[in-house]
Amino acid sequence: MRIIGSGKTSGKEAVKNKWQEVWKRRSWNQSAAPRLQDLIQLDGYDSGAGVIPVGDWRDYTASIGKKLKLEDGMSIFEVGCGSGALLYSLSKQFDIQAGGVDYAKGLIEAARIALPTGNFEVREACDLDVEPQYDLVIANSVFHYFSLNYAKQVIDLMLAKARSKVVILEIPDIDYREQLELLRRDALGVEEYEEKYAGLPHTYYPREWFLNQLARDGCGDQIVNGFIPNYALCGMKATSSKYMRLMK
Ligand SMILES: C[S@@+](CC[C@H](N)C(=O)[O-])C[C@H]1O[C@@H](n2cnc3c(N)ncnc32)[C@H](O)[C@@H]1O
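As the structure is a computational prediction, the values presented were derived from the model and not from experiment. (Residues numbered from 1 in each chain as written. Predicted model: local features only at pLDDT ≥ 70, side-chain atom pairs only at ≥ 80, totals over all residues.)

## What about the overall build of the chain?
Inference 1: The secondary structure content of the chain amounts to 10 helices and 7 strands.
Inference 2: When each of the 248 residues of the chain is scored for burial, the buried share is 39%.
Inference 3: In the chain, once contacts between residues fewer than 6 apart in sequence are set aside, the share between residues at least 24 apart is 72%. (Helix = DSSP H or I, 4+ residues; strand = E, 2+ residues; numbered from the N terminus. Buried ≥ 20, exposed ≤ 12 C-beta atoms within 10 Å, placed from the backbone. Contact = placed C-beta atoms within 7 Å.)

## Focus on helix 5 (residues 105-114)
Inference 1: For helix 5, the complete set of buried residues consists of L107, I108, A110, A111 and A114. Burial along helix 5 is one-sided: seen end-on, the buried residues are contained in an arc of 155°.
Inference 2: Structurally, helix 5 contributes buried residues whose contacts are with helix 1 (18-24), helix 2 (36-42), helix 4 (85-93), strand 2 (97-102) and strand 3 (119-122). (Arc of directions from axis to C-beta.)

## Details of the pairing of strand 4 (residues 134-140)
Inference 1: Across the 7 residues that make up strand 4, a large majority, 6, are buried.
Inference 2: Where strand 1 (residues 75-79) lies against strand 4, 4 bridges are found, and the strand directions are parallel. Its bridge partner lying in strand 4, I76 is registered against L136.
Inference 3: Bridge count for strand 4 against strand 5 (residues 162-172) is 6 bridges, and the pairing is parallel. Counterpart to I138 in the pairing with strand 5 is V167. (Pairing = 2+ DSSP bridges.)

## Here's the deal with the confidence of the model for the chain
Inference 1: Chain-level pLDDT for the chain is 82 on average; 79% of the residues reach the 70-or-more range.
Inference 2: Between residues 1-12, whose pLDDT stays under 50, and residues either more than four places distant or in other chains, the model counts 22 contacts. (pLDDT = per-residue confidence, 0-100.)

## Structural notes on unusual backbone geometry
Inference 1: Backbone torsion omega between E131 and P132 reads -5°, so that peptide bond is classified as cis.
Inference 2: Relative to the helices and strands, P132 resides in the loop between strand 3 and strand 4.
Inference 3: One non-glycine residue, K69, lies in the positive phi region at around 55°.
Inference 4: Among the residues examined, K69 registers 9 C-beta atoms within 10 Å and is labelled exposed.

## Structural notes on the packing of helix 7 (residues 177-188) against helix 8 (residues 190-197)
Inference 1: Close contact between helix 7 and helix 8 brings their axes to 6 Å; oriented N to C, the two are set at 115°. By the angle between their axes, helix 7 is roughly perpendicular relative to helix 8. Remark: the crossing between helix 7 and helix 8 carries right-handed chirality. In this structure, helix 7 contributes R184, R185 and L188 to the contact, and helix 8 contributes V190, E192, Y193 and K196. (Axes fitted to C-alpha atoms, helices over the stretch in contact; angles between N-to-C directions. Parallel < 35°, antiparallel > 145°, perpendicular 65-115°, else oblique. Left-handed = near helix turned anticlockwise from the far one by under 90°.)

## Notes on helix 3 (residues 54-67)
Inference 1: Given a rise of 1.5 Å per residue, 14 residues ought to cover 20 Å, and the 20 Å separating the end C-alpha atoms of helix 3 matches this to within 8%.
Inference 2: For helix 3, the set of buried residues is W57, Y60, T61 and I64. The arc enclosing the buried residues of helix 3, seen along the axis, measures out at 90°, which places them on a common side. Opposite the buried face of helix 3, by more than 90 degrees, sit the exposed residues G55 and K66.
Inference 3: On its buried face, helix 3 is in contact with helix 2 and helix 4.
Inference 4: Where helix 3 ends, the next residue or the one after it, K69, has phi of about 55°, a positive value. (Expected span 1.5 Å × (residues − 1).)

## Here's the deal with the nonpolar core
Nonpolar side chains in soluble globular proteins tend to be buried together.
Inference 1: The biggest cluster of nonpolar side chains holds 59 residues, and the ones touching the most others in it are I76, V79, V137, V154 and M158.
Inference 2: No other element matches helix 6 (residues 148-161), which puts 7 residues into this core.
Inference 3: Leave out the neighbours within four places in its chain, and M158 touches V79, V137, A139 and V166. (Core = buried A, V, L, I, M, F, W, Y, C linked by C-beta atoms within 7 Å.)

In C-alpha cells form, the structure reads like this:
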C-alpha cells in the first residue's frame, strides 16, 4: 500500500475557510444521548435542500450496506464523520467496529456518546493516521469542503488506511453545478441562501477526476449516481455522484 503525500505540509488551505468555523459551532449539549435524528441534524442535514428525514437515512445506509456487502465483524472508518450519523445507523444494522475523524470537536464528542465503543478523534482529514487499518474507509458528504489538491492527499491516505475498500459518497458533480446551486438557493430563498453561504463555497468534481487520479494498482473503480431516497440534491439524474473504489 502506498502513501502519497503525508498531508502534514500542504493542502491546509482547504480548511482555512469559513466552513471550519461553521462546523465547529455544532455540538450536543443535552444530558440524554443523541438519537439518530439528532445525529442527522447535527451533521447538517437539517435545512433547505439538504434535509434528510430519519427513515430515508436508514434506507440510504441500508443501501450502502447492501451495495458494499457489509457483514458483522467488519471495521469501518469514516473521514469527516461528524457526529457519526452514518456509522451509528450502520451499527444498528451490522455488528461493526467503528472509527472516525472530524475537525469539529463538538461533533466528535457527540459521536463518542452515540457510539461509545467507537474510536473517534478530533483531526483534520489531511492528517489522517493510516494505522490502524480498517476494512472499509468511507467518506460521506465531505469532499466538497476540500480543494482538489487536498482531496488527492486525503484519498491517498484513505487508500493506505483501507484493508479492503475505499468509498467516497455524495460528491457534487461539476456537470450539474448550476442546477445544484439553483436547487439549494430555491429551497432557502435567495436572501437566506446568499446570507448563509456567503464565503462558503463548495468544490464540484468532474467524475473523471477520481478515476484519473487513481488509475493505478489494477483495482476496480466505479462511479454510481447518488442514491439517498427522496433527497432533493439526488433528485436530478446524477446530480451527486458516488465514487467507489473496490480494492479487492
Ligand atoms: C455534511 S457533514 C457530514 C458528516 C458525516 N459524514 C455524515 O454523513 O453524517 C460534513 C462533515 O465534514 C467535516 N469536515 C469538513 N472538512 C473537514 C476536514 N478538512 N477535516 C475533517 N473534517 C472535515 C465537518 O466538520 C462535518 O462534520
